[in-house]
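Read off the chains here:
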Amino acid sequence: LAGALEFHRASFEGLVDSIHTYLSRRLWSLVVERAHLHKHLRAVKDYFLLARGDLFQAFIDHTRGLLALPPSDTVDHDVNEPFRRAALLSFADEDEYFSR
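Here the structure is a predicted model, which means the values were calculated and not measured.

Visitor: For the overall build of the protein chain, give the residues involved together with the corresponding values.
Guide: On a plain count of helices and strands, the protein chain comes out with four helices and zero strands. Compactness check: the protein chain gives a C-alpha radius of gyration of 25 Å against a globular reference of 13 Å for 100 residues, more than 25% above the reference. Excluding contacts between residues fewer than 6 apart, the proportion of contacts in the protein chain whose partners are at least 24 apart in sequence is 50%. Summing over all exposed atoms, the protein chain offers an accessible surface of approximately 8200 Å²; the carbon and sulfur share of this is 61%. The centroid of the 12 positive side-chain charges in the protein chain is displaced by 5 Å from the centroid of its 15 negative side-chain charges.

Quick look at the structure:
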């Protein structure tokens, strides 16, 4: 293509398409197959979209009194232990993506 005297649009489009195909396959391989995208999406669904309602229900049960109080400077520390207990009760600790 670089050595051609004239610009051929069809040749250029073919080159761009072949690069696109190669990069799409490579990206699919890296993200979906090697990095296990489906497992990460399952974790997002389970924890951020509340599909694992048992975890959040157990957390709410353990922090009902704490959540009724006004926030304090130590709120991060205060809810950490109840969240860990809720994870133990809901079997979330067995999930490989939960601890990340």
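Visitor: Could you give an account of the packing of aromatic side chains, with specific residues and numbers?
Guide: Considering all chains together, one arrives at two aromatic pairs under this definition. Aromatic side chains F7 and F12 sit 5.6 Å apart centroid to centroid with 50° between the ring planes, which places their arrangement in the tilted category. For F7, a relative accessible area of 60% puts it in the exposed group. According to the relative accessible area criterion, F12 is partly exposed, its value standing at 38%.

Visitor: Pulling in residues and values, what's your account of the nonpolar core?
Guide: Counting residues in hydrophobic clusters, the biggest one holds seven residues: A43, Y47, L55, A58, F59, A86 and A87. Every element with two or more residues in this core is listed here: helix 2 (37-48), helix 3 (53-68) and helix 4 (75-90). The element best represented in this core is helix 3, accounting for three residues. Discounting chain neighbours no more than four positions away, the residues touching F59 are V79, P82, F83 and A86.

Visitor: How would you summarise the confidence of the model for the protein chain if you had to cite specific residues and measurements?
Guide: The share of residues in the protein chain with pLDDT of 70 or more is 90%, and the mean pLDDT across the chain is 85. The spread of mean pLDDT over the elements of the protein chain runs between helix 4, the lowest at 83, and helix 1 (residues 9-34), the highest at 96.

Visitor: Run through helix 4, naming residues and quoting values.
Guide: Taking 1.5 Å as the rise per residue, helix 4 with 16 residues should run 22 Å; its terminal C-alpha atoms sit 22 Å apart, in good agreement. Regarding helix 4, the residues found buried are P82, A86, A87 and S90. Of the surrounding elements, those touching the buried residues of helix 4 are helix 3.

Visitor: Quick one: what's the story with the environment of I19, residue by residue and with numbers?
Guide: Relative to the helices and strands, I19 resides in helix 1. On the basis of relative accessible area, I19 is assigned to the partly exposed category, the value being 43%. Each C-alpha atom, one on I19 and one on D76, is 48 Å from the other, the two residues being 57 residues apart in sequence.

What counts and how
Residues numbered from 1 in each chain as written. Predicted model: local features only at pLDDT ≥ 70, side-chain atom pairs only at ≥ 80, totals over all residues. Heavy atoms only, no water. Helix = DSSP H or I, 4+ residues; strand = E, 2+ residues; numbered from the N terminus. Rg over C-alpha atoms; globule rule 2.2 N^0.38 Å. Contact = heavy atoms within 4.5 Å. Areas by Shrake-Rupley, 256 points an atom, 1.4 Å probe, with all protein chains shown as cover. Lys, Arg positive; Asp, Glu negative; His and termini not counted. Charge placed at Lys NZ, Arg CZ, Asp CG, Glu CD. Phe/Tyr/Trp six-rings, centres within 6.5 Å; stacked < 30°, edge-to-face > 60°. Buried < 20%, exposed > 50% of the residue type's maximum accessible area, 1.4 Å probe, protein only. Core = buried A, V, L, I, M, F, W, Y, C linked by side-chain atoms within 4.5 Å. pLDDT = per-residue confidence, 0-100. Expected span 1.5 Å × (residues − 1).

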